Amino acid sequence: MIEKSKINVNWKVIGHAQQKLYLESAFFGNRLTHSYLFSGPPHVGKTALALDFARLLNCENGNLCGKCLACVNPVEIFSELIVIDKDTEIKIDEIRSLKRDLALKPLSGQKKVAIIANAENLNRESANSLLKFLEEPQKDNFFILTTAAVGFLPQTIVSRVQKINFSPNSKQETEKHLNSLDISKAITKQVLELAPNKIGLANILSKNIEELERWRQQDMELDDLFSQSVFERMQYTSQISKLETQQIVNIFKTWLILSESRLRQTKQKDMKAQTDFIKALNTALMHFKSNLNKRLVLDNFVLSF
Ligand SMILES: [Zn+2]
């Protein structure tokens, strides 16, 4: 049983009460481990909480005071914090550069924290290189990996880290966050429809009208896809097969996120179609990652739901 600490930590991230409690307990109880893996759905605030935690580890007042340098310094100039956050392959050079940065001694009393978001993007070489580091961490070094696809991470890494699981945000939490922003009611409503359980995504969409429009478009295409015959779907995929693989992967990832939101709101009787679709998307994404023939993957995809 984890007891709430007496110190009030000013987490910026909304929700994830259990995960915060766990981290506070490790921090105040001197039971920190050197590497953590935040695992759970995309865009629910895993990387944001990793940043909060990295700042807490270095906060002069030990409570995320929001005033000291560790709390207010932007990531770019906060030398104790190194963040790799990208959608594409994480190459060995980036891990080497990370190692060089970590080798520099932290300022007195500070801790160096490396955050690797979307850790499923580590390739085999970079994962192996990172593993050596996770096995023999320096006293003042901490790693926080985040992933929405833990199955794509090598087991050797997963077994080396303290895993913390995340769940989707509640609709109330997302709404609370949106209400705290300076945006119109109409935008709030649209964003809440597309991302009811993902504060991170809601945040992006609320600040970027073009991105919001793109997601609305994809949401409508998803509706179309479901109402089409196999023949019509084939025509559609023959069109998108002309895109670069990475562009198709991005569309599929968007659909996956939208479908998961839909699934949470689906009536029991419509559930099978939705889960079949999600399975088909995941299979296609796996095939793309294995560099299978694009056209073949797409044909296989439209026939599987
Ligand atoms: Zn502080």
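Residues numbered from 1 in each chain as written. Predicted model: local features only at pLDDT ≥ 70, side-chain atom pairs only at ≥ 80, totals over all residues. Heavy atoms only, no water.

Each helix and strand in the protein was counted, giving 14 helices and five strands. Here the C-alpha radius of gyration of the protein, 21 Å, is about what a compact globule of 305 residues would show, namely 19 Å. C-alpha extents for the protein along the principal axes are approximately 65 × 45 × 35 Å. For the protein, with 305 residues in total, the buried portion stands at 46%. (Helix = DSSP H or I, 4+ residues; strand = E, 2+ residues; numbered from the N terminus. Rg over C-alpha atoms; globule rule 2.2 N^0.38 Å. Buried < 20%, exposed > 50% of the residue type's maximum accessible area, 1.4 Å probe, protein only.)

Once that is clear, we can look at the packing of helix 11 (residues 230-240) against helix 14 (residues 294-302). In contact at an axis separation of 10 Å, helix 11 and helix 14 are set at 155° when each is read in the N-to-C sense. Taken as axis vectors, helix 11 and helix 14 run roughly antiparallel relative to one another. The two elements helix 11 and helix 14 cross, and the hand of that crossing is right-handed. Only Arg295, Leu298, Asp299 and Val302 of helix 14 make contact with helix 11, whose side of the interface consists of Arg233, Met234, Thr237, Ser238 and Ile240. Taken together, the residues of the contact of helix 11 with helix 14 break down into four nonpolar, two polar and three charged. (Axes fitted to C-alpha atoms, helices over the stretch in contact; angles between N-to-C directions. Parallel < 35°, antiparallel > 145°, perpendicular 65-115°, else oblique. Left-handed = near helix turned anticlockwise from the far one by under 90°. Contact = heavy atoms within 4.5 Å. Nonpolar A, V, L, I, M, F, W, Y, C, P; charged D, E, K, R; others polar.)

Those donors, Cys59 (SG), Cys65 (SG), Cys68 (SG) and Cys71 (SG), are the protein atoms that reach the zinc ion, and they lie 2.3 Å from it. Considering all four donor atoms around the zinc ion, angles at the metal cover 106 to 115° and the coordination shape is tetrahedral. Considered as a linear motif, the donors of the zinc ion on their single chain read C-x5-C-x2-C-x2-C. For the pair Cys68 and Cys71, one class covers both residues: buried. (Donors = N, O, S within 2.8 Å, 3.2 Å for Na, K, Ca; no water. Tetrahedral: all angles 85-135°; square planar, octahedral: opposite > 155°, others 65-115°.)

A word on the sheet that holds strand 3 (residues 112-116). Whether parallel or antiparallel, the strands of a sheet pair through hydrogen bonds between backbone atoms. What the five strands build is an open sheet, ordered 2-3-4-1-5; its pairing is parallel. Looking along the sheet, the strands with just one partner apiece sit at the ends: strand 2 (81-84) and strand 5 (162-165). When strand polarity is set aside, the average angle formed by the axes of neighbouring strands in this sheet is 15°. Judged from the five bridges that link them, strand 3 and strand 4 (residues 141-147) form a sheet pairing that is parallel. The partner of Ala114 across the bridge, within strand 4, is Phe143. Those strands touched by helix 5 (residues 124-135) are strand 1 (35-39), strand 3 and strand 4, and its axis lies near 135° from that of strand 4. (Pairing = 2+ DSSP bridges.)

Residue placement: Glu125 occurs in helix 5. The class of Glu125 is partly exposed, set by a relative accessible area of 48%. Along the chain, Glu125 and Ile92 lie 33 residues apart, while their C-alpha atoms are 6.1 Å from each other.

Under the domain assignment, the protein is made up of domain 1 (17-165) and domain 2 (208-302). For domain 1 versus domain 2, the distance between C-alpha centres works out to 32 Å. With five residues of domain 1 at the contact, the number on the domain 2 side is four residues. Regarding the contact of domain 1 and domain 2, the summed buried area is about 450 Å², with carbon and sulfur atoms giving 64% of it. (Domains from an automatic or database assignment. Buried area = accessible area lost by both parts, 1.4 Å probe.)

Among all positions in helix 14, only Val297, Leu298, Phe301 and Val302 are buried. Buried residues of helix 14, seen end-on, are gathered within an arc of 125° and therefore sit on one face of the element. The inward-facing, buried residues of helix 14 abut helix 10 (209-227), helix 11, helix 12 (245-265) and helix 13 (271-289). Looking at where helix 14 begins, the residue whose side-chain oxygen comes 3.0 Å from the main-chain nitrogen of Arg295 is Asn293. (Arc of directions from axis to C-beta. Polar contact = N/O pair within 3.5 Å; in protein donor to acceptor, adjacent residues only side chain to side chain.)

On to the side chain of Asn141, then. Inspection of the secondary structure puts Asn141 in strand 4. Note on Asn141: relative accessible area 3%, which makes it buried. Residues within four places of Asn141 in sequence aside, it is in contact with His34, Leu102 and Lys112.

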